[in-house]
Amino acid sequence: MPQSLTPASDNPVTRSLSPGIDRRSFFKAVLQIAASVGLSAVVANQMAEAAVRGKKPVVIWLHFQDCTGCTESLLRTTQPGLAELVLDLISLDYHETIMAAAGHQAEQALQASMKANAGKYILVVEGSIPTANNGNFIRIAGKTGVNMLKEVAEHAGLVIAVGSCASWGGLPSAEPNPTGAVGAHEILKGTKVINLPGCPANPNIFLATALQYATLGTLPELDSDNRPKFAYGRLIHDHCPRRAHFDAGRFAQQFGDEGHRLGYCLYKLGCKGPATHANCSTNHFCEVVDAWPIGIGAPCFGCTEKKLAFRMPMFQTVDIDRPRPPEFYPSMTAKYSSVSAVATGVVGVIAGAAAAGAFKLSKKVNDKPESEPASDKPSDGGK
Ligand code: SF4
Ligand code: SF4
């Protein structure tokens, strides 16, 4: 039997969940997490060694107005042992959804962890914070969400907002926003809050950020919205497997049509990929190939952008700033029998042989399937 890395614990969260995984699987999984977000193998080894030595980031995870989807994406992994890995990599001291303790016992666990790890623990916020009605849309242990967040954040070493709700309000903040939902940074003015938007956020981005902070004491480089550039530095559109169809002008016109079934570009169905910074196209969810919206035929709805998801209508197309391919390409086809006997005579035997080769090639290019769906360009093409 492989030796478990998870010691017997009286941690109120882990005692209900993890049997532990063997050392080899543990290092392999850390390497995968690091690689998936662009960190080197050296950094991955440092992270894993630190975790083995017991230097795990202590995490206090608070829920506010959320669907728990961000937690689910962290735990509902299909690779065997990854759920356990999560619990081996971090010390999850308080998490309302999965902890065994409840009521006063849970409150005691929270207070004890805050006291023991003051200035060092990572506070993870999931869900938006209601501000309307004096914040009374949420009360936890008798405190409003606003007060609870401020209290726990005051002694945290790092605050991470996981998901679009915690980053900038997300779904609960959609018009007319009855609860006055806002992101964590709007409550914690003056405190640095790392935003990991996504609906849900990709768990590998959270793990990589938390482990880098805990083991190296540094933060990843951030963009102007405090999102790590390693994960949010590129547009979906620039790394989309359907990009070739966009460039060639092949678009699904409606759900279920032939172009949609053939995997054509989803721009005309409202895909926000050209304006969305995220790494979903290269970092799929739950280790399932193609488990991301565009991978299963749904347009990207821009969940990592505060001005897109839950703000812009689902099927409205976004502007594209980058240069587009031309409206028309020169034809790739050549006419049959275009190489005349006179021409071959002029250019000689060698050129004639080359022309004959070109003829064969052109014939191949022209051997298209009989029923090819019509290609098209974006309706606002030429912008
Ligand atoms: Fe749920 Fe999305 Fe909010 Fe995460 S960001 S809690 S998945 S609604
Ligand atoms: Fe991919 Fe959307 Fe860009 Fe089309 S518009 S290439 S589906 S990101």
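Model, not experiment: these values are computed from the prediction. (Residues numbered from 1 in each chain as written. Chains lettered and ligands numbered in written order. Predicted model: local features only at pLDDT ≥ 70, side-chain atom pairs only at ≥ 80, totals over all residues. Heavy atoms only, no water.)

> Go over the site of ligand 1 with me, naming the residues and quoting the values.
Lining the immediate environment of ligand 1, one finds Asp66, Cys67, Gly69, Cys70, Glu126, Gly163, Ser164, Cys165, Gly198, Cys199 and Pro200. Looking at the shell around ligand 1, the elements that each hand over two or more residues are α3 (69-75) and α7 (163-168). At three residues, the largest contribution of residues to the shell around ligand 1 is made by α7. Each residue belonging to the shell around ligand 1 can be placed in one class, and the counts come to five nonpolar, four polar and two charged. (Near = heavy atom within 4 Å. Helix = DSSP H or I, 4+ residues; strand = E, 2+ residues; numbered from the N terminus. Nonpolar A, V, L, I, M, F, W, Y, C, P; charged D, E, K, R; others polar.)

> I'd love a proper account of a nonpolar patch on the surface, names of residues and values included.
A cluster of nonpolar side chains, Phe255, Met314 and Phe315, forms an exposed patch at the surface whose accessible area comes to about 340 Å². Looking at where Phe255 falls in the secondary structure, it is placed in the loop between α11 (243-248) and α12 (258-261). With relative accessibility at 43%, the residue Phe255 sits in the partly exposed group. (Patch = residues over 30% accessible without salt bridge, like charges linked within 9 Å, V, L, I, M, F, W, Y side chains within 5 Å. Areas by Shrake-Rupley, 256 points an atom, 1.4 Å probe, with all protein chains shown as cover. Salt bridge = Lys/Arg side-chain N within 4 Å of Asp/Glu carboxyl O. Buried < 20%, exposed > 50% of the residue type's maximum accessible area, 1.4 Å probe, protein only.)

> Hey, could you go over empty space enclosed by the protein for me, with residue numbers and the actual values?
On inspection of all chains with the given rule, the structure shows five cavities of 30 Å³ or more. Contributing to the lining of the largest cavity are 13 residues, with His237, Cys240, Cys265, Cys271 and Ile294 lying nearest its centre. Tallied by class, residues from the lining of the largest cavity come to nine nonpolar, two polar and two charged. Size it by volume and the second largest cavity reaches roughly 50 Å³. Along the walls of the second largest cavity sit 13 residues, with Pro197, Asn202, Ile205, Cys280 and Thr304 positioned nearest its centre. Looking at the lining of the second largest cavity, its residues break down into nine nonpolar, four polar and no charged. (1 Å grid on protein atoms, 1.4 Å probe; cavity = no way out; pocket = protein on both sides within 12 Å on 5 of 7 lines; lining within 4 Å. Points joined across faces, edges and corners; volume = space filled by probe spheres on them.)

> A description of the sheet that holds strand β2 (residues 91-95) should follow, citing residues and the corresponding values.
Across the sheet, which stays open at both edges, the five strands sit in the order β2-β1-β3-β6-β7 with parallel pairing between neighbours. In the strand order of this sheet, the two ends are held by β2 and β7 (193-196), each with one partner. Ignoring which end each strand starts from, the neighbouring axes of this sheet average 25° apart. (Pairing = 2+ DSSP bridges. Axes fitted to C-alpha atoms, helices over the stretch in contact; angles between N-to-C directions.)

> Residue-level account of the pairing of β2, with values.
For β2, the tally of buried residues reaches five of five residues, placing the bulk of the element in the interior. Bridge analysis of strand β1 (residues 58-63) against β2 gives four bridges, and the strand direction is parallel. Bridge pairing links Val59 to Leu92 in β2.

> Mind laying out the pairing of β7, listing which residues take part and the relevant values?
Because side chains alternate across β7, one face comprises the buried residues Val193 and Asn195, and the other comprises Ile194 and Leu196, equally buried. Here strand β6 (residues 158-162) pairs with β7 via four bridges, running parallel. In the sheet register, Val159 faces β7, and the bridge partner there is Val193.

> Outline the site of ligand 2, supporting the account with residue identities and numerical values.
Lining the immediate environment of ligand 2, one finds 13 residues, of which His237, Cys240, Cys265, Leu266 and Cys271 sit closest. In a pocket analysis with a 2 Å cut-off to the grid points, ligand 2 is assigned to the largest cavity. Residue composition of the shell around ligand 2, by class: nine nonpolar, two polar and two charged. (Sits in = over half its atoms within 2 Å of the grid points.)

> Outline the packing of helix α2 (residues 41-52) against helix α9 (residues 203-216), listing residues and values.
Relative to each other, α2 and α9 sit at 70°, their axes nearing to 9 Å. Judged by the inter-axis angle, α2 sits roughly perpendicular to α9. Along the contact surface, α2 presents Val43, Gln46, Met47 and Ala50, while α9 presents Ala208, Leu211, Gln212, Thr215 and Leu216. Of the residues belonging to the contact of α2 with α9, the class tally is six nonpolar, three polar and no charged. (Parallel < 35°, antiparallel > 145°, perpendicular 65-115°, else oblique. Contact = heavy atoms within 4.5 Å.)

> I'd like a description of the packing of aromatic side chains, backed by residues and values.
Considering all chains together, one arrives at six aromatic pairs under this definition. With 6.0 Å between their ring centres and 70° between their planes, Phe255 and Phe315 make a pair best called edge-to-face. Of this pair, Phe255 sits in the loop between α11 and α12 while Phe315 is found in the loop between α12 and α13 (341-366), placing the two residues 60 residues apart along the sequence. What makes Phe315 exposed here is its relative accessible area of 54%. Three or more aromatic residues joined by ring pairs make a cluster, and in this case those are Phe246, Phe251 and Tyr267. (Phe/Tyr/Trp six-rings, centres within 6.5 Å; stacked < 30°, edge-to-face > 60°.)

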